[in-house]
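Next come the chains, spelled out residue by residue.
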Amino acid sequence: MNSATEKKLDPDQINVILATDCGSTTTKAILIEKVNGEYRQTYRGEAPTTVEEPAADVTVGVVNAVTEVGELAGRKLIDENGEIIRPAQGDVGCDIYISTSSAGGGLQMMVAGVVREMSAASAKRAALGAGAIVMDTICSNDKRLPHEQIQRIRELRPDMILLAGGTDGGTQKHVVQLAELIAPAKPQPRFGGTYKMPIIYAGNQEATELVEEAFDEDVKLTTVANVRPVLEQENLAPARDAIHDLFLEHVMAHAPGYNKLISWADAPIMPTPGAVGNILQTIAERQGINALGVDIGGATTDVFSVFDGTFNRTVSANLGMSYSISNVCASATLPMILRWVHLNMDPRALQNHIKNKMIRPTTIPQTREALVFEQAVAREALRLAYIQHKEFATTLKGVQQQRTVGDTFSQETSGQSIVDNMKLNLLVGSGGVLSHAPNMQQTAAMMIDAFEPEGMTVLAKDSIFMMPHLGVLAQVHPAAALQVFERDCLIYLGTCIAPRGFYKAGKTCFAYKITGKTLNESGEMVCGDMRLFPLGDDEWATVTVEPRRGYDFGEGSGKRVEFKARGGTVGLILDARGRPLMVPADESRHLAELNSWVEELKLYPEVT
Amino acid sequence: MTQAYSPGLQVRRQTLHSSRRILPIPGDVLVKVGEQVSAQQIVAQTFMPGDVTPINVANQISVAPSEVPGCMLFKEGDEVQVGDLLARSKGIFGFFKSETKAKTAGTIESISHVTGQVILRGAPLPIQVRAYQAGVVKEVIPEQGVVIESEVTFLQGILGIGGEAYGTIQFACQTKDQPLTEELLDESIKGKVVIGGARMTGTAVKRGIELGAAAIVSGGIDDEDLKEILGYDLGVAVTGSEHLGTTLIITEGFGDIAMAERTFNLLKEREGAEAAVNGTTQIRAGVLRPEIVIPMDESMTSDSSAEDVKATSGLLETGVPVRIIRDPYFGLLGEVGEMPTELRTLESGSQSRVLEVILDSGEKVIVPRANVELIEG
C-alpha cells in the first residue's frame, strides 16, 4: 500500500485543492478554491511531461505546470526545495494535492479467461474499468492453437496480466491449463527487465493452489476474489482494486520520478481514464440519470457509460485524431468519412493528408477544408468507438433468461447491449477535436452524427478536460468534485430531440410545438430535416412532439410525447434524419441535404 | 504557455553521436571500453528461453490427467529428441497400451497432473546485437550492452519502414525534386543505400527490393503506393519490424514532395561512404525517427564551416529556419519573421498562436505555431 492511501483528510478543512494530470505528452494542473462557500476551478496551467531524458523525472513537469498555475493565481505553491507547499496559509500553498497519470502510454494489460464470452469478458471489463488498455485476450475458445497463444504472450510486453476462469466450485482444469500456458511463456514486462511480471488471479477460488503451483518465482502472483463467482453475477471491484494497487506499486514505481510523485500525493494516483469513469459514475448516481461520456484523444478514444447504475468503459486503442488518424480511415474507409464532407476534395490528396497528420500529429487545421475534413474523421472515430462500446457493454452472457409468451417473436438472446440511446439522458464530449472546435455547433453536430441520440438527450462538453482531476477528487471530496463538475467543467450545449425510425424521402416525420419564455414555435419536420432553435443556457422549454407511424420518441410508434428541454450555448436541435442515421445514397441529393444541415446549424460560418 | 512547435529533424554534417546498443534481456557483452568496432560487429549476445510446445499427453494416450506423471517415460528437466517415446499408458492388464512420441525436440519443463499437459521447451534462441555505428566503445553496461561513440554525419527522416541496414551511399536522382522512378535503378544498387530526390514511386520501390537495395531514401511516397507495398494500410506510425528486404525512409512526408535541399546536398557530399540506416519509427511519446548514420572518414575535415544553416538553440524565435508541416503551405521552407503574442483567428475559425514565416521565395505567410517544425542543425 502506498503512503498516499494512509493520509487522513478532513473535507471541511480543505479550501485549496491542487490537481495534476500527467498525460503522455502534457502535464495539466488546475487549482480549485473555495470561493464564497463554493468550490470553483480558478486557474489552469500546463507543461510538457518529463518522463524521458533529459529530465527523466515526472515531477519536473508537475513542478513546471504547478508553477505556471501559481504564477497565474498569485499563490506560491512550490517551495525552495521544489516541493508542493501544504497546508494553505494565506496566499501560500494548497490543502491537498492529487494526481492522475497516463504518462508512458498508460496501463497496458493482457487478460486471460476460460471462455471468451464469459470469464474472459468479465476479466476484460475489470481491466478496462481500471483504466487499462487491453492488448489481447487469451481464452480457451479463441480459435488459436496453444503454441500461437504462447507466442502472442511472448510478443506482447504488458504491464500486468489478469487471469480469470471458472465459477467458484466449478471446473478447475481449464483455468489451470491457461495458467500453464502463461507460465512458460515467461512474459517480459514493458519497463525494464528487473521487476517481476505482476499476474492477478481472479478465477475459481478453489483452483487457487493449483494456479499458484503453475507459476514459479519469475512472476509476482496476486490472488483476489473471482470476477465471476457465479454465472449470474460479476464481482469486478477486487480485481479492479488490485490492478490499481499493482499499477502504483509496480508500473508507476518503475517510471522515473513516480515514487516521489506518489509520496507527494494525498490520494492514490489513478490511471487517467479510471478517474474519468469515476466522475461520470458520480454524476449519474447523484442525478439518477443515464449518462454517456467520450474522450477522443490523439491515440485512443475512451467511451464511458452509466445505464441503470451499471458502469462500463471501453478504450478503442487505435482510434484517435492524431497518432491513430490513419487507423480511423483504414477502419472506416474514405467514402464513409466523405459522407460528412460538403466540400469538393481530392481523395488522393486526402489520403496523403491523413498520413501527414499521423507523422506530424501536433499540427492543427489552418484552412476551412482541413477543419471540415478532420471533423468528418472525428465523427467516424467516435462512431466506431461507440459501436465497440455497445458490443462490450452487454448484460451477462451465458446466463439463461426467462422468456414469456410476449417474447416469442423476439430474437434477443442473452448478452444484449445495455446501452440504449432512447434511455440516454446526458451525452458529454471531451478531447481536443470536441473541446477546441471553433464553435459549439460543430461539437454538437459531431456528437449527434456519431452517437445518434434518440428521444431527448442533453448535450454537454468538458470545458478544459478536467474530468480526470475531478475523478480523483471525487474519491477524497465528492462534494467539491460535484460542485466543480457542474459549475466549471460542464458546458451545456443544449438538447437534441430525434425519433427512432427509418428515413423515408419526402415523408413527414413528426409535428412539434415548443413553448417557453423566449421561444414559441410549431411546425412539421420532413424526413432529412434538421432545425436549430435558440434556447439559452439555464433556459427551459416544453417540447411536444407528435410522430407519424413508424417513428418513436420512446413511448411507442406514433405516440405523442412531451419533453422538458434544457437550453445551452447551441440551443434546441430537432433532428428528423431517422435512426439509424442514413444519408441518401444519391450523391447530389446527399450533398443537398448535407448542405442544408450545415446551413441550418451554422456549422462553418465565413471568418472575416 | 507550452511550446507548440515540433522539434525538427536533425540534419548534421558532423556531430559526436552515440548509439546505445542494449540486449532485451541480460546476456554477455563481447567488447571492452576503448575498443574500435565496425558497424556490423556483434558486440553483445544472449539467449532467450526457447519456444514452448504444449502436448496434451492425457488425451493422446487416453488417461486421466492425474495418471499422466506415472505414464511419463521422461521427467522434468530431461531432454527429448524428435521421435522419442514420451509416455505410455498402463493399459488393461498390461495390454492395449497407448503411446505418444515427441514431434519436436526440447527439454521437458513441466508435467501437469491437473490438466495432463506436458510443456516441452525448445533450444534457446540466440539474440545478437551489432555495433550499428562504427566507432569506439565508450561505455559497457554489464550484462546489457554498450554505448558506441564516433564523429558522424547524422540525418533523420520523418518515417521509415523496416529495421537496420548497411550499405554504401549511391545516388539514383540528380536533383532534389526528381522523382525516384524504376528506370533509374539497375543492378548496381544491390546492397547499397539508394538516394532519390522527390517522391519514390511504388514501382521504383518494388524494383529496388527485387534488385536487393539495402535501403531507399527519398523525399516522399504516396499513401496508395505504400499501402500496396506493405499489403496493408499503416494505421499508426510505429514501424521497424517489417520484412520487405529493403529499408525505406522518407525525409519529408507523404505525397509529391521534394527532399529538403540541405538533406540532399549533405547526402551528396557523402556519396560513396558506408552508412548504417534504421527505418524504425515510433511517433508517440519518446519519439523515434528513422536515421542515416555515416561515420566520418579521413577525407572529411572537422571544419564545420560547410554548415549552410545556422544551428538553432531548440527555441522558436525570429530568424530561425523552419519547415511548414501542414496545408496550405505544406513542405515550404523559410525563416521565422514576426511572432505576435495575441491569438489570431485562422481561416478555419480556430483561435491560435501564430507566427510569420518568410519563405525562401521572399513571400510572407502567417501559420499556426503548431504547424511549423525547426530545421535543426
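Residues numbered from 1 in each chain as written. Chains lettered and ligands numbered in written order. Predicted model: local features only at pLDDT ≥ 70, side-chain atom pairs only at ≥ 80, totals over all residues. Heavy atoms only, no water.

### Some thoughts on the pairing of strand S29 (residues 364-368) of chain B
All names here are of chain B.
Item 1. Bridging between strand S28 (residues 354-359) and S29 involves 5 bridges; their strand directions are antiparallel. Pairing of Glu356 across the sheet is with Ile366, part of S29.
Item 2. Connecting S28 to the antiparallel partner S29 that follows it, the hairpin turn spans 4 residues, and Gly362 within it adopts a positive phi of roughly 100°. (Pairing = 2+ DSSP bridges. Helix = DSSP H or I, 4+ residues; strand = E, 2+ residues; numbered from the N terminus.)

### Comments concerning the interface of chain B and chain A
Item 1. Between chain B and chain A, the contact holds 63 residues from the first and 53 residues from the second.
Item 2. Buried surface at the junction of chain B and chain A, summed over both partners, amounts to about 4800 Å²; 52% is from carbon and sulfur atoms.
Item 3. Where chain B meets chain A, there are 6 salt bridges.
Item 4. Inspection of the region where chain B meets chain A yields 26 residue pairs in polar contact (both at pLDDT 80 or more).
Item 5. Those elements giving two or more residues to the side of chain B that touches chain A turn out to be strand S5 (52-56), strand S10 (117-121), helix H4 (223-230), strand S20 (247-254) and S29 of chain B. (Contact = heavy atoms within 4.5 Å. Buried area = accessible area lost by both parts, 1.4 Å probe. Salt bridge = Lys/Arg side-chain N within 4 Å of Asp/Glu carboxyl O. Polar contact = N/O pair within 3.5 Å; in protein donor to acceptor, adjacent residues only side chain to side chain.)

### Thoughts on the pairing of strand S5 (residues 107-113) of chain A
Two faces make up the sheet, and in a regular strand the side chains alternate between them.
Residues and elements named next belong to chain A.
Item 1. Within S5, 7 of the 7 residues are buried, which leaves the element mostly enclosed by the surrounding structure.
Item 2. Residues Leu107, Met109, Val111 and Gly113 of S5 are buried on one face, and the alternating residues Gln108, Met110 and Ala112, pointing to the opposite face, are buried as well.
Item 3. Bridge count between S5 and strand S6 (residues 132-139): 7 bridges; the pairing is parallel. Looking at the pairing, Met109 lines up with Val134 of S6.
Item 4. With helix H2 (residues 119-129) bridging S5 and its parallel neighbour S6, the resulting β-α-β unit is right-handed.
Item 5. Pairing between S5 and strand S7 (residues 160-163): 4 bridges, direction parallel. Among the inter-strand pairings, Ala112 is bridged to a residue of S7, identified as Leu163. (Buried < 20%, exposed > 50% of the residue type's maximum accessible area, 1.4 Å probe, protein only. Right-handed = clockwise from strand over helix to strand, strands pointing away.)

### Some remarks on the sheet that holds S29(B)
Residues and elements named next belong to chain B.
Item 1. Spatially, the 5 strands line up as an open sheet ordered S29-S28-S25-S24-S30, and their pairing is antiparallel. What marks the edges here is a single partner per strand, and that holds for S29 and strand S30 (372-374). Pairwise comparison of adjacent strand axes, ignoring direction, gives a mean angle of 45° for this sheet.
Item 2. Relative to S28, strand S25 (residues 333-336) is paired through 3 bridges, and the arrangement is antiparallel. (Axes fitted to C-alpha atoms, helices over the stretch in contact; angles between N-to-C directions.)

### Here we look at the packing of aromatic side chains
For any pair of aromatic rings, the description rests on two quantities: the centre-to-centre distance and the angle between the ring planes.
Item 1. Counted according to the given criterion, the structure contains 6 aromatic pairs over all chains.
Item 2. With a centroid separation of 5.1 Å and 90° between ring planes, the pair formed by Phe510(A) and Phe553(A) is classed as edge-to-face. With a gap of 43 residues between them, Phe510(A) in strand S17 (residues 508-516) and Phe553(A) in the loop between strand S20 (540-547) and strand S21 (561-566) connect regions that are remote in the sequence. For the residue pair Phe510(A) and Phe553(A), the accessibility class agrees, reading buried in each case.
Item 3. Summarising the aromatic geometry, the rings of Phe171(B) and Phe264(B) are spaced 5.3 Å apart at their centres and angled 90° between planes, so their arrangement reads as edge-to-face. You can see Phe171(B) sitting in strand S15 (residues 164-171) and its partner Phe264(B) sitting in helix H5 (residues 261-269), a full 93 residues away along the chain. (Phe/Tyr/Trp six-rings, centres within 6.5 Å; stacked < 30°, edge-to-face > 60°.)

### Description of the nonpolar core
Item 1. Ranked by size, the top nonpolar core spans 91 residues in total, and within it Phe373(A) and Phe451(A) carry the most contacts.
Item 2. By size, the runner-up hydrophobic cluster in this structure holds 40 residues, among which are Ile96(A), Leu280(A), Val306(A) and Val428(A). (Core = buried A, V, L, I, M, F, W, Y, C linked by side-chain atoms within 4.5 Å.)

### Considerations on a nonpolar patch on the surface
Item 1. On the surface, a nonpolar cluster with roughly 600 Å² of combined accessible area is contributed by Ile92(B), Phe93(B), Phe95(B) and Phe96(B).
Item 2. Looking at where Phe96(B) falls in the secondary structure, it is placed in the loop between strand S7 (85-88) and strand S8 (99-101). (Patch = residues over 30% accessible without salt bridge, like charges linked within 9 Å, V, L, I, M, F, W, Y side chains within 5 Å. Areas by Shrake-Rupley, 256 points an atom, 1.4 Å probe, with all protein chains shown as cover.)

### Here we look at the confidence of the model for chain B
Residues and elements named next belong to chain B.
Item 1. When the pLDDT values of chain B are averaged, the result is 89; 93% of them are 70 or greater.
Item 2. When mean pLDDT is taken per element in chain B, strand S16 (residues 192-195) scores highest with 98 and strand S27 (residues 351-352) scores lowest with 86.
Item 3. Overall fold confidence for the complex sits at a pTM of 0.86, while the interface term, ipTM, reaches 0.87. (pLDDT = per-residue confidence, 0-100.)

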